[in-house]
Amino acid sequence: MDADRRHLLLRQAALAALALGVSGRSAAKAGGGAPASSPAVAASSAEPPRPGPVSIVGTTFSRLFESAPSARGVGEGKPQGLAVDLLDAILIPAGYQPRYAFYPWLRAQSMIEHGPAQILVGPYRTPERERVMRFSRQAFYEDSLVFYARRREEGLWWGDFHALRSLRIGSVQGWVYGERFEQARASLDVTPVRDLSTALRMLQLRRLDLIAANQRNSEPVIQELGLVDQVALCAPPFAQLRGHFGFSTEAAGAGWQVLVDAGMQRLRQSGELQQMAARRGVNVPE
């Protein structure tokens, strides 16, 4: 199949999937479906986004959303990672032009909640976030949440949160750590830190005893800071969390949600999603 014909077929498939979502509105109104206020009907009644530029925001997530190596320190370049691979494969054939941008994580989330961005890369799904944004039905990666300690002190964590009460623990502002960590937080000495690099330096300087982080994001930062011989991974992980794409709770966000969900389903069924993830070294949930 030549490239032009494949592009046309992919565009038709993406728009047809979105049209099926739009047609669900009339079926829901006819009765026998979900209540009009339910998320399923809200998504099925979505209007198709108009083809054109799409604002996609996030912060640097290793192997998911990061600047091209040649662009670091030399101005803007085309981002890379699994999220970029997926969104390019979903949006470009349907006539959209992805526009990727990096921001501090809290600001990126705010740009979905309050505008002007259309898609947020990589948020974990939580009840608190569900009040301010929509999530893709399918997760596209899975992370291990872990503790890091100074080398030869990794035995501080063996799976018991009660044993951490006398320790100073760093957490990154805006990050989600899972239900188990949040339930224990009130009884722990947790210090919010601006970013992972700052937390690692505080650990090195003995201002923290442990850092709570996800393993995928942490490994390249530890290497970049030259701390491989000074920082150790603690076992076992205290949570496994799955990451999604996020969208506005406004009506327009439902259209983007349906479009991305349809594209993700197509890529999963064809095996392309799994192939993309394997190339990037990312774990894909079943």
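Source: prediction; values computed, not measured.

Reading guide: rules and limits
Residues numbered from 1 in each chain as written. Predicted model: local features only at pLDDT ≥ 70, side-chain atom pairs only at ≥ 80, totals over all residues. Heavy atoms only, no water. 1 Å grid on protein atoms, 1.4 Å probe; cavity = no way out; pocket = protein on both sides within 12 Å on 5 of 7 lines; lining within 4 Å. Points joined across faces, edges and corners; volume = space filled by probe spheres on them. Helix = DSSP H or I, 4+ residues; strand = E, 2+ residues; numbered from the N terminus. Pairing = 2+ DSSP bridges. Right-handed = clockwise from strand over helix to strand, strands pointing away. Buried < 20%, exposed > 50% of the residue type's maximum accessible area, 1.4 Å probe, protein only. Phe/Tyr/Trp six-rings, centres within 6.5 Å; stacked < 30°, edge-to-face > 60°. Axes fitted to C-alpha atoms, helices over the stretch in contact; angles between N-to-C directions. Parallel < 35°, antiparallel > 145°, perpendicular 65-115°, else oblique. Contact = heavy atoms within 4.5 Å. Nonpolar A, V, L, I, M, F, W, Y, C, P; charged D, E, K, R; others polar. Left-handed = near helix turned anticlockwise from the far one by under 90°.

The space that makes up the largest pocket amounts to roughly 760 Å³. Along its surface, the largest pocket is lined by 24 residues, and Thr59, Thr60, Asp195, Ser197 and Val221 are the ones closest to its centre. Elements supplying a minimum of two residues to the lining of the largest pocket: helix H4 (105–113), helix H7 (196–204) and helix H8 (215–224). Examining the composition of the lining of the largest pocket, we find that 4 residues originate from one element, H8, more than from any other.

The pairing of strand S6 (residues 168–172) with strand S7 (residues 189–193) spans 5 bridges and is parallel. Bridge pairing in S7 links Arg168 to Asp189. Each parallel crossover has a hand, and the one from S6 via helix H6 (residues 179–185) to S7 is right-handed.

With that settled, the discussion passes to empty space enclosed by the protein. Taken as a whole, this structure holds 1 cavity of 30 Å³ or more when the rule is applied. Its boundaries defined by the atoms lining it, the largest cavity holds a volume of some 110 Å³. Residue lining of the largest cavity: 14 residues in total, with Phe61, Trp105, Tyr124, Trp175 and Asn214 positioned closest to the centre.

The next thing to look at is helix H3 (residues 82–91). Among the 10 residues of H3, 10 are classified as buried, and the element is accordingly described as predominantly covered. Inspection of H3 places Leu82, Ala83, Val84, Asp85, Leu86, Leu87, Asp88, Ala89, Ile90 and Leu91 among the buried residues, and these make up the whole buried set.

Applying the stated criterion across every chain yields a total of 18 aromatic pairs. A centroid spacing of 6.3 Å and a plane angle of 45° characterise the contact between Tyr124 and Tyr141, whose relative ring orientation is tilted. Linking Tyr124 in strand S3 (residues 119–124) with Tyr141 in strand S5 (residues 141–150), this pair joins segments that are 17 residues apart in sequence. Considered together, Tyr124 and Tyr141 belong to a single accessibility category, that of buried residues.

Our focus in this paragraph is the packing of helix H9 (residues 251–270) against helix H10 (residues 272–280). At a minimum axis separation of 4 Å, H9 and H10 run at an interaxial angle of 80°. Viewed along their axes, H9 and H10 adopt a mutual orientation that is roughly perpendicular. For the pair formed by H9 and H10, the contact residues are Met264, Arg266, Leu267, Arg268 and Ser270 on the first element and Glu272, Leu273, Gln274 and Met276 on the second. Per-class residue counts for the contact of H9 with H10 are 4 nonpolar, 2 polar and 3 charged.

Closest axis-to-axis distance for the H7/H8 pair is 10 Å, and the angle between their directions is 65°. Considering how the two elements wind past one another, H7 and H8 form a crossing that is right-handed. Residues Leu196, Ser197 and Leu200 of H7 touch H8, and the partners they reach there are Asn217, Ser218, Val221 and Ile222. Across the contact of H7 with H8, the residue classes break down as 4 nonpolar, 3 polar and no charged.

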